[in-house]
Amino acid sequence: MSPRWNPHPDVRTGRHVVYNLHVHLVFVTKYRRKAFTDAMLTRTEEIMREVCADFEAELKQFNGEQDHVHLLVHYPPKVQLSKLVNSLKGVSSRRLRQEYTTHVRRYLWGGHFWSGSYFAGSCGGAPLTVVKQYIENQQRPV
């Protein structure tokens, strides 16, 4: 690349690619149960940051409410989004059920934590500051 080119910090390069891929993900708890506490959301963010790092992705923003979470993920083109989502939901479900067993059992049963569906929105058109601000303004439980 030209030494005169000062790329945007979000623009990444690979061997044969220059990319800037962001996705806005929303995961909802099973039956839309209000299972999250502030401590659980904090732990969920830590877990999801670890999973993203395993995929060479970066969790740019995270927040949620009692029954859902929002993520803004910057990911490389080699990552299949459905596999990233599957891993994020699977690992977080397993760990949250282990670490908050009694609390989770009050709201969820049958080995489920997340709803089977999810929202994934490309963030190429909207300014990322708008998406970040939207995620920051989620009404986090106290």
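Keep in mind that this is a model prediction, so the values were computed, not measured.

**Student:** Just checking my understanding: could you explain the overall build of the chain for this structure?
**Tutor:** Each helix and strand in the chain was counted, giving four helices and six strands. Taken from N to C terminus, the helices and strands of the chain fall in the order β-β-β-α-β-β-α-α-β-α. Principal-axis analysis of the C-alpha atoms places the extent of the chain at approximately 60 × 30 × 20 Å. Taking all contacts inside the chain whose residues are at least 6 apart in sequence as the whole, residues at least 24 apart take part in 71%.

**Student:** Would you mind going over the nonpolar core with me for this structure?
**Tutor:** For soluble globular proteins, the rule of thumb is that nonpolar side chains tend to be buried together. With 28 residues, the main nonpolar core has F27, L71, V73 and L88 as its most contacted residues. At the level of elements, strand 3 (22-29), helix 1 (38-54), strand 4 (58-64), strand 5 (68-74) and helix 2 (81-99) are the ones that each hand at least two residues to this core. Per-element tally for this core: the top contributor is helix 1, with six residues. Non-local contacts of F27, meaning those with residues more than four positions away in its chain, are made with M48, D67, H68, V69, L71, V85, L88, K89, W114 and Y118. With five residues, the next largest nonpolar core counts L72, C123, V131 and I135 among its residues.

**Student:** Explain the packing of aromatic side chains here, please?
**Tutor:** How two aromatic rings sit relative to each other is given by the distance of their centres and the angle of their planes. All chains considered together, the criterion is met by six aromatic pairs. When the centroid spacing of 5.7 Å and the interplanar angle of 65 degrees are considered together, the rings of F27 and W114 count as edge-to-face. With F27 in strand 3 and W114 in strand 6 (residues 114-122), the pair connects residues that are 87 residues apart, well separated along the chain. Across the pair, exposure class does not vary: F27 and W114 are buried alike. Between F36 and F113, the ring centres sit 5.5 Å apart and the planes meet at 75 degrees, which makes this aromatic pair edge-to-face. Of this pair, F36 sits in the loop between strand 3 and helix 1 while F113 sits in the loop between helix 3 (101-107) and strand 6; the two residues are 77 residues apart in sequence, bridging distant segments of the chain. The class for F36 is buried, based on a relative accessible area of 2%. The exposure class assigned to F113 is buried, which follows from its relative accessible area of 1%.

**Student:** What's the story with unusual backbone geometry in this structure? I'm lost.
**Tutor:** One can expect most non-glycine residues to show negative phi and most peptide bonds to be in trans. Here R32, not a glycine, exhibits a phi torsion of approximately 55 degrees, which is positive. Note on placement: R32 falls in the loop between strand 3 and helix 1.

**Student:** Help me understand the pattern of salt bridges, please; the structure alone is not making it clear to me.
**Tutor:** Think of it this way: side chains of opposite charge can pair up when their charged atoms draw near. On inspection of all chains with the given rule, the structure shows nine salt bridges. Of the charged contacts in the structure, one is a salt bridge between R49 and E45, with a shortest N-O distance of 2.9 Å. Of this pair, R49 and E45 are both found in helix 1, four residues apart, which corresponds to roughly one turn of the helix. Where E56 meets K78, a salt bridge forms, and the shortest distance between an N and an O atom there is 3.0 Å. A residue pair is termed long-range when its members are at least 10 positions apart, and E56 in the loop between helix 1 and strand 4 and K78 in the loop between strand 5 and helix 2 qualify at 22 residues. A residue is classified by how much of its surface remains accessible, and E56, at 48% relative accessible area, is partly exposed. Judged by its relative accessible area of 61%, K78 falls in the exposed class. Salt bridges sharing common partners tie together R32, K34 and D67.

Each value, and the rule that gives it
Residues numbered from 1 in each chain as written. Predicted model: local features only at pLDDT ≥ 70, side-chain atom pairs only at ≥ 80, totals over all residues. Heavy atoms only, no water. Helix = DSSP H or I, 4+ residues; strand = E, 2+ residues; numbered from the N terminus. Contact = heavy atoms within 4.5 Å. Core = buried A, V, L, I, M, F, W, Y, C linked by side-chain atoms within 4.5 Å. Buried < 20%, exposed > 50% of the residue type's maximum accessible area, 1.4 Å probe, protein only. Phe/Tyr/Trp six-rings, centres within 6.5 Å; stacked < 30°, edge-to-face > 60°. Salt bridge = Lys/Arg side-chain N within 4 Å of Asp/Glu carboxyl O.

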